[in-house]
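Chain and residue survey
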Amino acid sequence: MGLTEKAVRDLRPGPKTAFLWDDRISGKGRLGVRVTAAGGKAFVLDYHDASGTRRRMTLGRPGEMSLAQARDRASRELATVRDGGPDMAERRRKAIEAPTVADLIRQFLEVEAPARIARDRMSERTRTEYARQSRAYVLPAIGTKRVADVKRGDVEKMVAPLARTVRNRVLAYVSRLMTLAEVWEMRPPGANPCRKIERSRETARDRILSPDEMAALARALSEAEAESPAAVAVIRFLALTGLRVSESVAIRWEHVELSTGRLLIPASKTGRQWHDLPAPALQLLADLPRFGPWAFTSTGRAATGYKTVRAVFATACERAGITDARLHDLRRGVVSAAAASGANVAVLQRLLGHRTPQMALRYARELQDPTQAMRESVAEQMAAAMAGDGGADVVPMRRHDA
């Protein structure tokens, strides 16, 4: 006979597990209620899978679903099996075996990233930064979640407390992971949860050191030279060339051509590049002691590290009374001087070592336009002339009749 809510409710445990079956489910299966000797009740579905094997799945507890809901669920499960789809047991097994975000990150850092580094499509420094972001932000927030289950709200909650720049970097990293998850068929196509999350507006940094600050920095570096000669040499080299810190500390003597004034950067941020060094930078390199393969080294066993250079720079700035200064400001200062001298975007692009002109255009917009400097100079002359200071000759403009 058919089950009733009262029959389910009144079913009592016996000395062993017992079943009460329903007769209202059509198809190759039957719905029942199971009660164990301990009193646990559950709706169950007996059925035969595509291979003819008899199986039983638990649908839920009577306290969690009604009899009508259990019948509806049983009918849908039987229809899925009849149509060749995976049954509940198979779906549960796949869910348990489904990769988590931690698995995705492990595959990216241990397999994908090394392959990209080998193809010169990623630097080891970038891989290290991704690993740091994973440990600091991603794994604590969503590491245990299955990749297929990550929703936009999960990502938004993860990045909500982060500062603007960090937020954008972490979003970009997670978006890259989720795009790879689609390629690796861990998520359906077009389901990147980061796609519609708004990025924070970043204020571009435009700090450059003034001539007085550069002079003060030079004095402070001279004081620090005896204790940290290699780091001081790197800082001076940066101020002369505008090269990236990571590129400069990695310079090896085999990449320096003092006779031609050229420097090879074999693995820059934008690929293999040659740079023409200015005479002061060449002289700085020529004056360095040579022990070991690296140009900037204190021991000969390893190149001077970025953290060491940054620490020496920070100490020198503090001694010089310079505030809010970063190593990258030296690179910006070189570009500023070039822009003020009238360098066009193509020259700035080559000077910066960028693959495309977009970043050079950004620097050109941020830095003072040479045209503006000329406008200021002409305006000062005209103002002096109009004030009767005799600072300039004013030539009256004649009107030409048509």
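Not measured: the values here are computed from a predicted model.

**Remarks on the sheet that holds strand E1 (residues 18-21)**
In spatial order, the strands read E1-E2-E3-E4; together these 4 strands make up an open sheet with antiparallel pairing. In the strand order of this sheet, the two ends are held by E1 and strand E4 (54-60), each with one partner. Strand-to-strand, the axes of this sheet are offset by a mean angle of 35 degrees, without reference to chain direction. Pairing analysis gives 6 bridges linking strand E3 (residues 41-48) to E4, with the strands arranged antiparallel. Bridging across to E4, His48 finds its partner in Arg54. Sheet contacts for helix H2 (residues 67-82): strand E2 (29-35), E3 and E4; angle to E3, the most-contacted strand, approximately 25 degrees.

**Structural notes on the packing of helix H9 (residues 229-241) against helix H11 (residues 279-286)**
In the contact formed by H9 and H11, the axes pass within 9 Å of each other and the chain directions differ by 160 degrees. When the axes of H9 and H11 are compared, the pair comes out roughly antiparallel. Crossing of H9 over H11 shows left-handed handedness. From H9, Ala233, Arg236, Phe237, Leu240 and Thr241 reach across to H11, where they touch Pro280, Ala281, Leu284 and Leu285. Split into classes, the residues belonging to the contact of H9 with H11 amount to 7 nonpolar, 1 polar and 1 charged.

**Regarding the pattern of salt bridges**
Taken as a whole and assessed by the stated rule, the structure comprises 16 salt bridges. Of the charged contacts, one joins Arg71 and Asp22 as a salt bridge, the two residues approaching to 2.8 Å between their closest N and O atoms. With Arg71 in helix H2 and Asp22 in the loop between E1 and E2, the pair connects residues that are 49 residues apart, well separated along the chain. Arg71 gets classed as buried once you look at its relative accessible area, which sits at 16%. Looking at Asp22, the relative accessible area reads 8%, which means it is buried. Asp103 is the partner of Arg106 in a salt bridge, and the nearest nitrogen-oxygen pair spans 2.9 Å. Within this pair, Arg106 and its partner Asp103 are both found in helix H4 (residues 101-118), separated by 3 residues, close to a single helical turn.

Rules of the game
- Residues numbered from 1 in each chain as written.
- Predicted model: local features only at pLDDT ≥ 70, side-chain atom pairs only at ≥ 80, totals over all residues.
- Heavy atoms only, no water.
- Pairing = 2+ DSSP bridges.
- Helix = DSSP H or I, 4+ residues; strand = E, 2+ residues; numbered from the N terminus.
- Axes fitted to C-alpha atoms, helices over the stretch in contact; angles between N-to-C directions.
- Contact = heavy atoms within 4.5 Å.
- Parallel < 35°, antiparallel > 145°, perpendicular 65-115°, else oblique.
- Left-handed = near helix turned anticlockwise from the far one by under 90°.
- Nonpolar A, V, L, I, M, F, W, Y, C, P; charged D, E, K, R; others polar.
- Salt bridge = Lys/Arg side-chain N within 4 Å of Asp/Glu carboxyl O.
- Buried < 20%, exposed > 50% of the residue type's maximum accessible area, 1.4 Å probe, protein only.

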